[in-house]
Each structure stands twice: as structure tokens, then as C-alpha cells.
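# Observations on chain architecture
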Amino acid sequence: MRAIVVPSHLHEAVLAGRGPDVLELLLASALPLPLPRPRPLGVGLRDPAAVRLLIEQLDKKGLSPLHHAAMRRDPHAVRWLLEAWPAAAEQVTGGAFSHMPGCLALHLLARGAGVEPKRLRAAVSCEDATMACELLLAAAPHTIAVAGHEMNGGLPLHLAASFGAPPPLLEHLLTAYPEAAAIRDPNGWLPCHLMAGRHLTAAMQGEPLARLQAANPPTDAWALRDLLALGVAGEA
């Protein structure tokens, strides 16, 4: 079954940071009436097919409500959406106008708002980011080792390193899949290279970078030194 490419009220509610009560109300108002009693065994008050269509709806950017919730690192919306439809954690971005196709919710959480910071109405706490990560990993543990098309096929750890994810979130991704520190993206970069090459703060290039290097000491240290030098020059 293909997801519908049309924005919904769920998209708008997630983007506005509405709570689970509002999301529940929107879902209930959009679903067909409950099946008449007596219902067949195994059939709940909600039609699973209808729930799936609503949760997996894509907007014009090819993003579902869970994709937006993950990008916002909103654990409350992530929890509610996964409880409504757990398989949403394995849905990839798509759509004719998508600028980052083939990404899972975990990729978007690692990436963060990226080029769309205005979508965030308030600063995201490190606790919220790691909680949202835990929820996505609990729903689909294998996604930690899945490469997305965004950023040339990087793993979630590559995206977190490249886009300057909060150190606790990067640590959580590294702990969940330490082997990722030794995996190069299609361009040949390790996560530590991606972090060193960004014009990130000294805090990000301190302990988080040291953790990546400790997990997989790079043999091409010259490249890492050059990237760090470029980062320092860019901040000057």
C-alpha cells in the first residue's frame, strides 16, 4: 500500500508542537466510525488500514508526521505516533518534490532541523533528543545500521556528526552501534572526519570528536588534522 502524498492536520499539529491529546483528537476525527458490535475477533475500535493511511501520509516535501516529529526531536509526538502505528519507524521519505528521499525517521532525528531551523518553535533539550532516539530504536532497532540517501548514504551516526547533533544524542547513537565509527560513507569519510570538517563549536570538536576517535582511531590522521585546521579557519 503506497502512502498518500498530501499534507494532513497531523502534519500541522506536529510542526506546531501540539501534545498527544490534540494528535489523538485529530486522528479520531479523521477515522471512520468504529465498527459495529459485535466486532470480529482481533478487530479493535480502529481500522488498522485507516490508521496506517493517516500516519503514513506524506506532505509535499515527502515527509510523514513521524518524519517531522523526528526532525524536531519531539519525544512526545514520536511516542504517540509509534504507539498508533509502530511500523511508521520503517517508513522512508519520498514524494515527487522530496529533497531528501529514502531517509528513515532515525536519519532525520540524527540530522535535526538542518536547513529548516525555523520549524523549531523552541530549543530542543538533549534529554528530549535522546528520548526520541530511544523510542525510534525500540520500535525498529535495525535502523541504526541502515544507510539513507541523505548525505550520500550515511548512517545515522554520520548524519549526527555532520550536522552537529547534541553530544548526548551522538553518544547514544554511538553506544547503540559502535561499529558505525569505523564505517566510511560512500565518499570515504568516517564520522570523525565529518565532525572535524564542519565549522562546529569547540565543545563539539572536543569530547564528542574524542569519543569517535576512541571508538575507531583513524589511520589517516593527516586528513583529520587538515579538516580540523579548516574548521578553525572557518570560525576565525
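On a predicted model such as this, the values are computed, not experimentally measured, just so you know.

### Describing the overall build of the protein chain
Scanning the protein chain for helices and strands turns up 12 helices and zero strands. Secondary structure elements of the protein chain, listed N to C terminal, follow the sequence α-α-α-α-α-α-α-α-α-α-α-α. Counting across all 236 residues of the protein chain, residues that qualify as buried make up 46%. Total accessible area computed for the protein chain in this model is approximately 11,700 Å², and 60% of it derives from carbon and sulfur atoms.

### Comments concerning the environment of Pro86
By the element assignment, Pro86 lies in the loop between α5 (75–84) and α6 (105–111). Each C-alpha atom, one on Pro86 and one on Arg52, is 9.6 Å from the other, the two residues being 34 residues apart in sequence.

### What about the confidence of the model for the protein chain?
Summary statistics for the protein chain give a mean pLDDT of 77 and a share of 70% for residues scoring 70 or more. When pLDDT is averaged over each element of the protein chain, helix α7 (residues 126–139) comes out on top at 96 and helix α12 (residues 221–235) at the bottom at 59. For the stretch residues 33–45, pLDDT sits under 50, and the model shows six contacts to residues farther than four places along the chain or on other chains. Below pLDDT 50 for its whole length, residues 117–121 participates in seven contacts with residues either more than four positions away or in separate chains.

### A short note on the side chain of Asn216
Mapped onto the elements, Asn216 comes out in the loop between α11 (207–215) and α12. Among the polar contacts listed, one links the side chain of Asn216 to the backbone oxygen of Ala181, at a separation of 3.4 Å. Once residues within four sequence positions are removed from consideration, Asn216 is found in contact with Ala181, Ala182 and Leu190.

### Examining unusual backbone geometry
For Arg73, which is not glycine, the phi dihedral falls at a positive 55 degrees. Residue placement: Arg73 occurs in the loop between α4 (65–72) and α5.

### Details of α11
Residues of α11 that are buried: Pro208, Leu209 and Leu212. Projection of α11 onto a plane perpendicular to its axis shows the buried side chains occupying an angular sector of 100 degrees, all on one side. Counted as exposed and oriented over 90 degrees from the buried face of α11: Glu207 and Ala214.

### Quick notes on the environment of Val146
With respect to the element layout, Val146 can be found in the loop between α7 and α8 (156–162). For the pair Val146 and Pro156, spaced 10 residues apart in sequence, the C-alpha separation works out to 7.7 Å. Excluding residues that lie within four positions of it along the chain, Val146 makes contacts with Leu104, His107, Gly154, Leu155 and Pro156.

### A look at the packing of α7 against helix α9 (residues 167–176)
Contact geometry for α7 and α9: axes closest at 8 Å, N-to-C directions at 25 degrees. It follows from the interaxial angle that α7 and α9 lie roughly parallel. In the packing of α7 onto α9, the handedness of the crossing is right-handed. Between α7 and α9, the contacting residues are Cys126, Ala129, Thr130, Cys133, Glu134 and Leu137 on the first element and Pro168, Leu169, His172, Leu173 and Ala176 on the second. Residues belonging to the contact of α7 with α9 are distributed by class as follows: eight nonpolar, two polar and one charged.

### Observations regarding the packing of α4 against α5
Relative orientation of the contacting elements α4 and α5 amounts to 150 degrees, with a least axis distance of 8 Å. The orientation of α4 with respect to α5, classified from their angle, is roughly antiparallel. Judged by the twist between their axes, the crossing of α4 over α5 is left-handed. Contacts between α4 and α5 involve Pro65, Leu66, Ala69 and Ala70 on the former and, on the latter, Ala77, Val78, Leu81 and Leu82. Its residues placed into classes, the contact of α4 with α5 shows eight nonpolar, no polar and no charged.

### Some points on the side chain of His107
Turning to its location among the elements, His107 is positioned in helix α6. In this view, His107 contacts Val146, Ala147, Gly148, Gly154, Leu155, Pro156 and Leu159; residues no more than four positions away in its chain are not counted.

### Observations concerning the nonpolar core
In terms of nonpolar packing, the biggest core is built from 52 residues, with Ile55, Leu66, Val78, Leu136, Leu173 and Leu212 touching the most fellow members. Core analysis: the second largest hydrophobic core is formed by five residues, Leu63, Met100, Cys103 and Leu108 among them.

Definitions and limits used
Residues numbered from 1 in each chain as written. Predicted model: local features only at pLDDT ≥ 70, side-chain atom pairs only at ≥ 80, totals over all residues. Heavy atoms only, no water. Helix = DSSP H or I, 4+ residues; strand = E, 2+ residues; numbered from the N terminus. Buried < 20%, exposed > 50% of the residue type's maximum accessible area, 1.4 Å probe, protein only. Areas by Shrake-Rupley, 256 points an atom, 1.4 Å probe, with all protein chains shown as cover. pLDDT = per-residue confidence, 0-100. Contact = heavy atoms within 4.5 Å. Polar contact = N/O pair within 3.5 Å; in protein donor to acceptor, adjacent residues only side chain to side chain. Arc of directions from axis to C-beta. Axes fitted to C-alpha atoms, helices over the stretch in contact; angles between N-to-C directions. Parallel < 35°, antiparallel > 145°, perpendicular 65-115°, else oblique. Left-handed = near helix turned anticlockwise from the far one by under 90°. Nonpolar A, V, L, I, M, F, W, Y, C, P; charged D, E, K, R; others polar. Core = buried A, V, L, I, M, F, W, Y, C linked by side-chain atoms within 4.5 Å.

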